[in-house]
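Analysis of the macromolecular model
So you can see what is in the structure, the chains are spelled out below.
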Amino acid sequence: MIKILHTADWHLGKRLQEYSRLEEQKLVLEEIQQIADREEVDLILLAGDIFDTFNPNHEAVELLYKSLRRLSKGGKRPIIAISGNHDSTQFVEAPDPLAREMGIFFYGKYDTVIPTGKLDNGIEITQSATGFVEMKLPQIDFPVRIILAPYANEVSMKTYLGEGDREEEFRNLMGAKWNEIAEQYCDEKGVNLFAGHFFFMKEGEKPEAEPESERPILHVGGTQALFTRNIPYQIQYAALGHLHRYHAVGHEHCPVVYSSSPLAYSFSEADQQKQVVIIEAEPEKPVTFTPVGLKEGRPLYRKTFDKLTDTLAWLEENPYCFVELTYITESSIEAATRKAIMKAHDGIVNLIPQIKNPLGRENTSLQVEDLGKDMESLFKLFYESDKGQEPNEELLTIFKEVISQNNEA
């Protein structure tokens, strides 16, 4: 049996508005290493979005290399890392020749071929092709095959696509390629895996929502998803990246699983339990997989209050978090109230006023009959509809100046 740790979407260098997450990332990557050691994992799969930007800062790059060196146990535990839609394929693959000596294999471009041969650490790449690698580990008596599916965008794939239904053509193209690989290399004598960074869903089902912090994957001509049926039947486990919530998409013939990001990166991920996945696999048998919760990092919360005392009490009770705080008020948040809230906590990312309707109007929305009114009256009605209060004199003066300039023009 082989034990595998599946993780994804590290987004090293990620910020939450003005807040750096680097120290949290250091802690959670140390936690992942501890899990890998405790579980005596043989292989690591990192399924894309290693960095948060195409040009990561040097702190993020240094954190990656140090973390992978520890995860690889000095080259004894191989790591397969593919690129995601946030990654530069050239940047990801740049250290590969040196990293391979440590058992770390970066795979950024779908047409890359990993060199075959035996490394000093005993790991041997026995077969490889575009989008595929087979390796033999010294302590495992069967080969491990992995179909490699890094993110592919329209620019990289346009020469292969026609002018018809590009969405379906893209699915057919990728599915045919993966099935061709599986037919040639993935027999029952080894463990057969898939590592991909795409938006997968079961055909006919409602797609899983993408997180707010994630650039939507629009593969080709508006393609939003590949289908689980596009994964070859020989595959025993599909390790996915892109969606930040732990999510098992389906089990048609194998588990198709998003491991989740290691930290919550947007408030749409508030209250999510972040995880890695431990897989136990052997040839010809269904795998078992277990999500393992991560504890490090600041949790994200969305909270709403209408009393300052309640707000300050909650902030005092929850010092180690990031919070998007909505404060219900009759008008704008008073300066003294805002100052007291912001002083009480160092992780308030957004402080949002929610204005009550002091005018007592059940329906302040604009009506058809209002359209005949003058511009100033329409502006007042719009502001009341949107903000729940009348515009002040300073705002009205500015509006009048804008209208006057437009009329002169």
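These notes cover the structure that comes with them. (Residues numbered from 1 in each chain as written. Predicted model: local features only at pLDDT ≥ 70, side-chain atom pairs only at ≥ 80, totals over all residues. Heavy atoms only, no water.)

1. Some points on the overall build of the chain
How we decide: Each helix is a run of H or I in the DSSP string that is no shorter than four residues. Each strand is a run of E no shorter than two, and both are numbered from the N terminus. We call two residues in contact whenever any of their non-hydrogen atoms come within 4.5 Å of each other. Accessible surface area values rest on a Shrake-Rupley calculation with a 1.4 Å probe, where residue burial reflects the displayed protein chains alone.
Assigned secondary structure in the chain consists of ten helices and 21 strands. Counting contacts in the chain only where the partners sit at least 6 residues apart, residues at least 24 apart contribute 65% of the total. As presented, the chain carries roughly 19500 Å² of accessible surface, and 49% of it is formed by carbon and sulfur atoms.

2. Comments concerning the sheet that holds strand 10 (residues 144-149)
For clarity, the cut-off: Two strands qualify as a pair provided DSSP detects at least 2 bridges between them.
Taken together, the eight strands give an open sheet; going across it, the order is 7-8-9-10-11-14-16-15, and neighbouring strands pair in mixed fashion. The sheet terminates laterally at strand 7 (117-118) and strand 15 (247-250), the two strands that pair on one side only.

3. Regarding unusual backbone geometry
Threshold: In this scheme, a residue with accessible area under 20% of its type's maximum is buried, one over 50% is exposed, and one in between is partly exposed, where area comes from a 1.4 Å probe on protein chains only.
Unusually for a residue other than glycine, E40 sits at a positive phi of about 55°. Here E40 shows up in the loop between helix 1 (22-38) and strand 4 (43-47). Since its relative accessible area comes to 61%, E40 is described here as exposed. The phi dihedral of K73 falls on the positive side, at around 55°, and the residue is not glycine. Structurally, K73 can be placed in the loop between helix 2 (58-71) and strand 5 (79-82).

4. Here's the deal with the side chain of D52
Keep this limit in mind: Definition of a polar contact: a pair of N or O atoms within 3.5 Å, with one able to donate and the other able to accept a hydrogen when the atoms are protein atoms, and with sequence-neighbouring residues admitted only if both atoms are side-chain atoms.
In this fold, D52 is placed in the loop between strand 4 and helix 2. With a relative accessible area of 11%, D52 lands in the buried category. Side chain to side chain, D52 and H11 meet in a polar contact 2.9 Å long.

5. Comments concerning the pattern of salt bridges
Once the charged atoms of two side chains with opposite charge are near each other, the side chains can pair. Put simply, the test is: We count a salt bridge whenever a side-chain nitrogen from Lys or Arg sits within 4 Å of a carboxyl oxygen from Asp or Glu.
Applying the stated criterion across every chain yields a total of 20 salt bridges. Measuring nitrogen to oxygen at the nearest pair gives 2.8 Å for the salt bridge that ties K274 to E269. Across the pair D306 and K307 runs a salt bridge, and its minimum N-O distance is 3.8 Å. By sharing partners, the salt bridges in this structure join K3, R38, E39 and E280 into a single network.

6. Some details on the nonpolar core
The cut-off we apply is this: To define a nonpolar core, start from buried Ala, Val, Leu, Ile, Met, Phe, Trp, Tyr and Cys residues and group those joined through side-chain atoms within 4.5 Å.
In this structure, L5, W10 and F106 are the most contacted members of the largest nonpolar core, which totals 32 residues. Of all the secondary-structure elements, those providing two or more residues to this core are helix 1, strand 4, helix 2, strand 5, strand 6 (104-107) and strand 17 (275-281). Apart from the residues lying within four places of it in its own chain, the contact partners of L5 are I32, I35, A36, V41, L43, I44, L45, V276, V277 and I278. Membership of the second largest hydrophobic core comes to 31 residues, among which are I140, V191, L193 and I279.

7. Remarks on the packing of helix 1 against helix 2
Inclusion rule: Here an axis means a line fitted to C-alpha atoms, over the contact stretch when the element is a helix, while the angle between two N-to-C directions is reported on a 0 to 180 degree scale. The scheme is simple: roughly parallel for angles under 35 degrees, roughly antiparallel for over 145, roughly perpendicular for 65 to 115, oblique for anything else. Throughout, the ten residues Ala, Val, Leu, Ile, Met, Phe, Trp, Tyr, Cys and Pro are labelled nonpolar, Asp, Glu, Lys and Arg are labelled charged, and all others, Gly among them, are labelled polar.
At a minimum axis separation of 10 Å, helix 1 and helix 2 run at an interaxial angle of 10°. Considering the angle they form, helix 1 stands roughly parallel to helix 2. In this structure, helix 1 contributes L22, Q25, K26, L29, E30, I32, Q33 and A36 to the contact, and helix 2 contributes E59, A60, L63, S67, R70 and L71. Here the residues of the contact of helix 1 with helix 2 are counted per class, giving seven nonpolar, three polar and four charged.

8. Let's talk about helix 2
Here is the rule we go by: A helix is expected to span 1.5 Å for every residue after the first. The arc in question is the one traced by the directions running from the helix axis out to the C-beta atoms.
Here helix 2 spans 20 Å end to end across 14 residues, near enough to the 20 Å set by a 1.5 Å rise per residue. Inspection of helix 2 places A60, V61, L63, L64, S67, L68 and L71 among the buried residues, and these make up the whole buried set. For helix 2, the angular spread of buried residues about the axis comes to 160°, placing them on one side. At its buried positions, helix 2 is contacted by helix 1, strand 4, strand 5, helix 3 (89-93) and strand 6. Taken from the residues just after helix 2, K73 is the one with a positive phi, measuring 55°.

9. Things to note about the pairing of strand 14 (residues 237-240)
Burial along strand 14 is two-sided: the residues Y237 and A239 and A238 and L240 are all buried. Judged from the four bridges that link them, strand 11 (residues 191-196) and strand 14 form a sheet pairing that is parallel. Across the sheet, A195 pairs through a bridge with A239, a residue of strand 14.

10. Structural notes on the side chain of R77
In this fold, R77 is placed in the loop between helix 2 and strand 5. Assessed through its relative accessible area of 2%, R77 is described here as buried. Here A36 takes part through its backbone oxygen, which lies 3.3 Å from a polar atom of the side chain of R77. Dropping the residues within four chain positions of it, R77 is found in contact with A36, D37, V41, D42, L43, I44, R70, L71, S72 and G103.

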